[in-house]
Every structure is written in C-alpha cells, then in structure tokens.
Amino acid sequence: MNITFIRNIGYGGFSIVDLVRDDAGKEYARKTYEFNQQGDFSEAFKNKCKIRFKREAQFLEEMVHPNIVKILHKNLEHDPPYYLMPVAEAVLADELRVDETLGGNRITVIMDIIAAIEELHSISKFHRDLKPGNVLKFLDDEGNPYYAVSDYGLMRDNLTKNTILTTVETQKGSDDYTAPELSNDIRNGSAQSDIYSLGCILHDMYGIDPRTPFTEISENSEFGPVFRSCTKVNDDSRFDNVSDLRDEIMSIYESLGSEQSSSDEINRILEIQELDEKEAKFLAKYIDDNRGEDEGRYVLARINIAHIEKIYQLAPKRWRILAKNYCEWISNNSFNFELCDGYANRLLAFYKLGGLDIKVECIKALLCMGTSHNRYYVERKSVALIDNSMEENLARSLKVDYMTDKSGFLRIINRLKTSINYDIEKLHPLLRMAYIELSK
C-alpha cells in the first residue's frame, strides 16, 4: 500500500498520529511508533516500548466491537512500525472543552465508553489510561455519531517491571483520570482502575465542582453518589463492575429525563435500593395495575437490578408478573438507542432468576430489542443464550413459540446474520433446524 502524508493530527509519549491518503484517495489516521520522551532512557527500555506498541496493534486487530477503534491495516515489520485507523470526526477531550453537555448527547457518549470497557473487561484486560483524549468520535454509515476508545498501549505491561511508564505517561495529562493505585505502579491496574477513570469522565460531563487528582470525588449533585462510588481511594469500595455502574447511571438519568410519577410513594420507593417486603409488593403491584399506561411505563423504565432482585426475594409471586410485564414492555416499544444496553442487563437479571417460561420471554425480548434497534451489545448478549449450550427444554419451548411467529423468527435470525455476522451453525440444533425449515 502506497501512502501519502497529509498532515500531523496528534502525538503521544510513544507514538505520532498523521493523516495519510492511499492511492485510491481514501484517508486514514496512521499511528506510528515514536519515542517522544525527554531524558536518558536505555535502548532496552525503548525496545520494550516498541514491543508494547506492536502488542496494542495486534490486540486491536483481533477485537471486533463498534466502540473499540478498528485497525484497517498494519505493518509492524516496518521501521518504525505503524498501523492505520479510520479518521475520527473529533476527540472527546476537545468536545468537552467547547461544551460540557456535548449538545445534550452525554448519555450516548458515556454508554459507548462503558460498552467498550465492558468488552475489554470480559476478556480480563484493563485499559489503565482511560481519558477523554483517548475517546474518538466517528460517524456510522448513516451519518450518526458514535464513540470508540483508543490507545490501549498501557493495557498490559507484563513485559517490564519498570514503573517509569507511569511517570512519563502522567506527565502527558492523565493525572486527572488515573486511579490512585496506578500512581506508583501500573501493574496495579484492574477493572476498578478503569471504573475510577469512568467516574472522572462522567464528572467532566455532569460535575459541578473542581476535582483533585487521585482522590475521591465528593459533591452534592444528581450524580454525586455515582462519582463517589467510582472514585473511592480504596478500589475494593468502588463499583464491582461496569455493568453495575451502567445500571446506576441509567437510574439517575431516567429520573432526570422522565416526567415524575403522580404517586409520591412510587417516587420514594424508586430511590430505595434495599426494599422491604411491603415496598417490594407495592412496586410490583403498581406496575401491573398501570400496565400499558404512562405510569406503568415510567416505573418500568426506572426499576433497576437491585429492585428486581429484592422483589424476587421478598415477593416471588409478584415478581413473576413483573417479569412478564417487563418482557412485554421491551418487546412492544422502542427505546433511546444508548439505553438499550442497560435494559438488556435488567432483562438478563430476570432471565437468571426466572423459570423456563420467564427465560423464554426474556430471550424473545432481548432478540426483539437487539435486532430492532441494531444494538451490537444486546445482540451479542442474545445469541449467547441460544447457542449449543442452551438447555434442551428451553430450546424446545422457544422453538414452539417461534413456530407460531415464523416471519418474526426469520427476520430476527437474518438480521443477526447481517448485523453481527452471526453464524447459524452456533444456534442450538433445534432452533437451527427450525430456521432451515422455515427458510425453504
């Protein structure tokens, strides 16, 4: 591939990024290894940094996720090594300097970042240098904006025991987002380190007070409890995972963006995580009594995983009705694109606790929402439930339901084949046979 340099568009401590063009006129962002550190560093250390750069390229090439920056071409044997990425429309750090509200698009951005980090954590890898400067804005084929995380160079650093990488990186402006445990040794990175950084990015968007690096964010604002739970100095006290963080963000966002319920008691209960038996029964009954009404939809949008688990524990009969109402609500409505991941996790909470009939309804609701909204995360979660490991009785029950909705089943599977390149060979044999028969 012949590449023509156009202009420089950025640089970091160990690389430089240029805008380039190939012979066909297509433009790329080329990231090239370049050691941009002042000081006396050994050749051995520089070589380890180059290995780290190559490892980042190899990792990105293997990852297929819309919120993780893609590798379009690489040449790691070249001196210096480089790889090509799509050209971003903007960098989140620059957008935040212009408008902290991001034109009302804040929830979309944070959900895209969470989706990327959750994918990373699912394979037990951690970013360690998450900040707005490493989040890029792109446009999809229809011109809609989405955000993807880049710069995974610090993701793993097991090749060296040297903590100087932390020192030189934080000189480049990461301090405002770096977890305290990473300030001395980058090998201390964990899921909670990335959650600390996510809390800082969320604070950039919704915070009202200045913050001090490496400390807990404490302020009285709508998102104040989330900031604190993300940035506890003791990493064991932070959110357990990014899924819990997403659910908490959604609960607050939905309370801010929705019309308040006319019931003061409902609004009070929705703010409680540890429901008692009376509150659990009241909440589930209120949803059923207002099924199909705005009041019911308002509460369905705001219940979180903690509510779902408590109602299951304290009011199991009411819980079954709630589960069916939730699945029906998901299957028959459209949602803000950025909220689908959170709703999917709540469906999975119902699925985990439910019997055969509830599991079937949850799978159908997940598949419906994922394919109708073309939401990658939801589709991935859906297909994991209908693969070869699916219980025989569950597959048989789902097949019976879909045989009465033949066009719907074909539409869903065909959509999965195009949107996430789904291989029907991974389908449970009973469902695969049904698909083949119905396709004739």
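Described in the following lines is the structure provided in the data block.

Definitions and limits used
Sequence order sets the numbering: in each chain, residues are counted from 1 along the sequence as written. Predicted model: local features are reported for residues with pLDDT of at least 70 only, side-chain atom pairs are reported and counted for 80 or more only, and whole-chain, interface and lining totals are derived from all residues. Side-chain measures here rest on the full set of heavy atoms in the structure, leaving out hydrogens and waters. Note on method: axes are straight lines fitted to C-alpha atoms, helices fitted across the in-contact stretch only, with angles between N-to-C directions ranging 0 to 180 degrees. Put simply, DSSP marks the helices as runs of H or I at least four residues long and the strands as runs of E at least two long, and each gets a number from the N terminus on. Every angle not falling under 35 degrees, over 145, or within 65 to 115 is termed oblique; those three ranges are roughly parallel, roughly antiparallel and roughly perpendicular. Helix crossings get a hand from a simple test, with the near helix turned counterclockwise from the far one by less than a right angle marking a left-handed crossing and a clockwise turn marking a right-handed one. Note on contacts: a residue pair is in contact if any heavy atoms of the two residues lie within 4.5 Å. Put simply, Ala, Val, Leu, Ile, Met, Phe, Trp, Tyr, Cys and Pro go in the nonpolar bin, Asp, Glu, Lys and Arg in the charged bin, and everything else, Gly too, in the polar bin. When DSSP finds two or more bridges between two strands, those strands count as paired. Any Lys or Arg side-chain nitrogen located within 4 Å of an Asp or Glu carboxyl oxygen qualifies as a salt bridge. Burial classes follow relative accessibility: with a 1.4 Å probe on protein chains only, a residue under 20% of its type's maximum area counts as buried, one over 50% as exposed, and anything between as partly exposed. Two rings from Phe, Tyr or Trp (for Trp, the six-membered ring) form a pair when their centres are within 6.5 Å of each other. A pair whose planes differ by under 30 degrees is stacked, one over 60 is edge-to-face, and the rest are tilted. Identification of polar contacts relies on pairs of N or O atoms within 3.5 Å, with a donor-acceptor requirement for protein atoms, meaning one able to donate a hydrogen and the other able to accept it, and with residues adjacent in sequence counted only if both atoms are side-chain atoms. Under the convention used throughout, the expected extent of a helix is 1.5 Å for every residue step, that is, one less than its residue count.

### Some words on the packing of helix α9 (residues 277-289) against helix α10 (residues 294-302)
Alright, step 1. Remark: α9 packs on α10, axes separated minimally by 8 Å, with the N-to-C direction vectors making an angle of 135°. Classed by the angle they form, the pair α9 and α10 counts as oblique. Two packed elements cross with a definite hand, and for α9 against α10 that hand is left-handed. Residue-level inspection shows Leu283, Tyr286 and Ile287 of α9 in contact with α10, the latter providing Glu295, Val299 and Leu300.
Alright, step 2. Looking at the contact of α9 with α10 residue by residue, the class counts come to five nonpolar, no polar and one charged.

### With respect to the environment of Leu270
Alright, step 1. Here Leu270 is to be found in helix α8 (residues 264-270).
Alright, step 2. Measuring from C-alpha to C-alpha, the distance between Leu270 and Val299 comes to 7.9 Å, with 29 residues separating the pair along the chain.

### Regarding the sheet that holds strand β5 (residues 82-85)
Alright, step 1. With antiparallel pairing, the five strands of this open sheet are ordered in space as β1-β2-β3-β5-β4. Edge positions in the open sheet fall to β1 (3-11) and β4 (73-75), since each of these has one partner strand only. Here the average twist between neighbouring strands, direction ignored, is 25°.
Alright, step 2. Here β4 runs beside β5; their pairing, made up of three bridges, is antiparallel. Bridging from a neighbouring strand, His73 pairs with Leu84 of β5.

### Things to note about the pattern of salt bridges
Alright, step 1. Taken as a whole, this structure holds 33 salt bridges when the rule is applied.
Alright, step 2. Its salt-bridge partner being Arg375, residue Asp112 comes within 3.8 Å of it at the nearest N-O pair. Of the two residues, Asp112 sits in helix α3 (residues 106-122) while Arg375 sits in the loop between α14 (356-373) and α15 (376-383), which places them 263 residues apart along the sequence. Like Arg375, Asp112 is buried.
Alright, step 3. Residue Glu118 is joined to Arg246 by a salt bridge in which the shortest nitrogen-to-oxygen separation is 2.7 Å. Residue Glu118 is located in helix α3, and its partner Arg246 is located in helix α7 (residues 242-257); the two are separated by 128 residues in the primary sequence. Each member of the pair Glu118 and Arg246 is classed as buried.
Alright, step 4. Because the salt bridges share partners, they merge into one network encompassing Lys31, Glu56 and Asp151.

### A word on the sheet that holds strand β8 (residues 145-149)
Alright, step 1. Pairing is antiparallel in the open sheet, where three strands are placed in the order β6-β7-β8. Each having just a single partner strand, β6 (90-91) and β8 make up the two edges of the open sheet.
Alright, step 2. Its contacts with the sheet put α3 on β7 (135-139) and β8, and the angle it makes with β8 is roughly 40°.

### Points about the packing of aromatic side chains
Alright, step 1. Here the structure, examined in full by the defined rule, presents 19 aromatic pairs.
Alright, step 2. Taken together, a centroid distance of 5.3 Å and an interplanar angle of 65° make the contact between Tyr326 and Trp329 edge-to-face. Placement of the pair is Tyr326 and Trp329 together in helix α12 (residues 316-331), with a separation of three residues, close to one helical turn. Trp329 carries the same exposure label as Tyr326, and that label is buried.
Alright, step 3. Between Trp329 and Tyr343 the ring centres are 5.3 Å apart and the planes differ by 80°, which places this aromatic pair in the edge-to-face class. Pair noted here: Trp329 is in helix α12 and Tyr343 is in helix α13 (residues 340-353), with a separation of 14 residues, a long-range link.
Alright, step 4. The class of Trp329 is buried, set by a relative accessible area of 7%.

### Some points on unusual backbone geometry
Most peptide bonds take the trans configuration, and most residues that are not glycine carry a negative phi.
Alright, step 1. Here the bond from Asp79 into Pro80 is cis, since omega is 5°, no more than 30 degrees from zero.
Alright, step 2. With respect to the helices, strands and loops of the structure, Pro80 is situated in the loop between β4 and β5.
Alright, step 3. Even without being a glycine, Arg128 presents a positive backbone phi close to 80°.
Alright, step 4. With respect to the secondary-structure elements, Arg128 resides in the loop between α3 and β7.
Alright, step 5. Phi at Asn421 takes a positive value of approximately 55°, unusual for a residue other than glycine.
Alright, step 6. Tracing the backbone through its elements, the reader meets Asn421 in the loop between α17 (406-419) and α18 (429-439).
Alright, step 7. For Asn421, a relative accessible area of 66% puts it in the exposed group.

### Observations concerning the pairing of β7
Alright, step 1. With two bridges connecting them, β6 and β7 associate as antiparallel partners. Along β7, the bridge assignment pairs Ala90 with Lys137.
Alright, step 2. The sheet contact formed by β7 and β8 spans five bridges and is antiparallel. Bridged to Leu136 within β8 is Ala148.
Alright, step 3. Hairpin connection from β7 to β8: five residues lie between these consecutive antiparallel strands, with Gly143 at a positive phi of about 85°.

### Some words on the environment of Ser255
Alright, step 1. Mapped onto the fold, Ser255 is located in helix α7.
Alright, step 2. A residue is classified by how much of its surface remains accessible, and Ser255, at 16% relative accessible area, is buried.
Alright, step 3. For the pair Ser255 and Ala306, spaced 51 residues apart in sequence, the C-alpha to C-alpha distance is 16 Å.
Alright, step 4. At 2.6 Å, the side chain of Ser255 and the backbone oxygen of Ile252 are in polar contact.

### Brief notes about α13
Alright, step 1. Its 14 residues give α13 an end-to-end C-alpha distance of 20 Å, which sits within 8% of 20 Å, the value for a rise of 1.5 Å per residue.
Alright, step 2. Across the 14 residues of α13, 12 count as buried, placing the element largely inside the fold.
Alright, step 3. Every buried residue of α13 is accounted for by Cys340, Asp341, Gly342, Tyr343, Ala344, Asn345, Arg346, Leu347, Leu348, Ala349, Phe350 and Tyr351.

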